[in-house]
Structures are given as C-alpha cells and as structure tokens.
Amino acid sequence: MDPLVITAAGVVVVLAGLAGWLISKAWPALRKFAWFVDDMTGEPARPGVPARPGISERLAALEKSNKDLTTHMQSVRHHVQNDHETNLRDDVDGIRDRLEEHVEASAPQLEMLATLYKEWGQGAGKKSRPLDPKTPNEEEK
C-alpha cells in the first residue's frame with residue numbers, strides 16, 4: 001500500500017473523530033438554538049400534536065386581548081367615574097341616602113317591636129311558635 005493513501009486515510013479518520021467530538025460538544029447549544037427557532041416561527045399541527053403559534057402570532061393575540069381589555073376598562077370607567085349626571089356612583093349614593101332615610105323613619109316601629117318581643121316573647125316563659133305553621137313546636141313533638 002502506498003504510504004500516501006495510508007496517511008490520507010489516517011487524516012480522514014482523525015478529522016471524522018474530531019468532527020464527531022465537536023458535534024457532540026456543540027449539540028446541546030444547537031438543540032437549544034433549534035428550539036428557539038421553533039418558538040419564533042411556530043410549528044404546524046401534526047397527528048396528535050396541536051399547532052404552536054409563533055412569536056408574531058402570539059404578539060398579535062396579546063395586542064388584540066389588550067385592545068379588548070382597554071375597551072372594557074373604558075366602559076367600566078365611564079360608569080363609575082363621577083363626571084356626568086348618570087353613573088353608578090351617583091346611583092349607589094342615592095340608594096344609600098334612601099336607605100338611611102328608611103332606617104330613620106322606621107326607628108319607632110323597631111322600638112315598638114322590641115317592646116312587644118320583651119312583653120310577649122320572653123315574658124310568657126314558653127317557646128315562641130315557629131313562623132312556618134307546618135313545622136311543629138318542640139312541645140308538640
């Protein structure tokens with residue numbers, strides 16, 4: 001055999017071994033780069049695996065969602081802000097004022113009910129009848 005052929009074969013074997021070693025050392029970084037490219041571009045659906053949208057599609061969905069949320073927030077702010085005649089805050093304040101008036105107006109009736117309870121409910125020494133006529137008293141059981 002020709003020494004040149006043996007030398008060339010030896011160089012090819014050494015270069016192939018060196019290439020294999022370099023690929024094995026670089027493979028984790030290459031795999032991460034491939035995953036990054038897949039995340040950026042997305043992947044089409046395969047049998048049993050749903051499609052994954054790319055970064056641009058995800059950003060478009062986020063922008064649409066942000067626009068929808070902004071619209072809803074403006075609607076809520078419109079109803080709660082106290083900057084016009086009819087809004088939620090004015091309605092709640094009006095209900096609160098009417099409730100306070102009702103409580104003040106019903107104070108005498110509450111005092112009368114408290115007096116009746118003291119006289120009839122506790123003074124008789126018996127348990128009061130339940131409000132539901134279908135439910136028997138403890139005494140009737």
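Everything that follows concerns the structure shown earlier in this document.
The rules behind these values
- Residues numbered from 1 in each chain as written.
- Predicted model: local features only at pLDDT ≥ 70, side-chain atom pairs only at ≥ 80, totals over all residues.
- Heavy atoms only, no water.
- Helix = DSSP H or I, 4+ residues; strand = E, 2+ residues; numbered from the N terminus.
- Buried < 20%, exposed > 50% of the residue type's maximum accessible area, 1.4 Å probe, protein only.
- Contact = heavy atoms within 4.5 Å.
- Areas by Shrake-Rupley, 256 points an atom, 1.4 Å probe, with all protein chains shown as cover.
- Polar contact = N/O pair within 3.5 Å; in protein donor to acceptor, adjacent residues only side chain to side chain.
- Salt bridge = Lys/Arg side-chain N within 4 Å of Asp/Glu carboxyl O.

Visitor: How should the overall build of the protein chain be read in this particular structure?
Guide: A tally of helices and strands in the protein chain yields four helices and zero strands. Walking the protein chain from its N terminus toward its C terminus, one meets helices and strands in the order α-α-α-α. Counting only residues that meet the buried cut, the protein chain has 4% of its 141 residues in that class. If you take every contact in the protein chain between residues at least 6 apart in sequence, the share linking residues at least 24 apart comes to 0%. When the accessible area of the protein chain is evaluated, it comes to approximately 12800 Å², of which 65% is carbon and sulfur surface.

Visitor: What should I look at first to understand the environment of A45 in this one?
Guide: Along the polypeptide, A45 turns up in the loop between α1 (3-41) and α2 (55-80). Dropping the residues within four chain positions of it, A45 is found in contact with P50 and A51.

Visitor: Would you explain the side chain of S106 in this entry?
Guide: Summarising the element assignment, S106 is placed in the loop between α3 (88-105) and α4 (107-122). Judged by its relative accessible area of 18%, S106 is buried. Among the polar contacts listed, one links the side chain of S106 to the backbone oxygen of V103, at a separation of 3.2 Å.

Visitor: Help me understand the pattern of salt bridges, please; the structure alone is not making it clear to me.
Guide: Opposite charge on two side chains makes pairing possible when the charged atoms of those side chains draw close. Taken as a whole and assessed by the stated rule, the structure comprises six salt bridges. A salt bridge links R52 to D39; the nearest nitrogen and oxygen atoms lie 2.8 Å apart. On the criterion of sequence distance, the pair formed by R52 in the loop between α1 and α2 and D39 in helix α1 is long-range, its members being 13 residues apart. The exposure class of R52 is partly exposed, given its relative accessible area of 35%. Classification of D39 as partly exposed rests on a relative accessible area of 32%. In this structure, K64 engages D68 in a salt bridge whose closest nitrogen and oxygen atoms are separated by 3.2 Å. Residue K64 and its partner D68 are both found in helix α2; the two are separated by four residues, about one turn of the helix.

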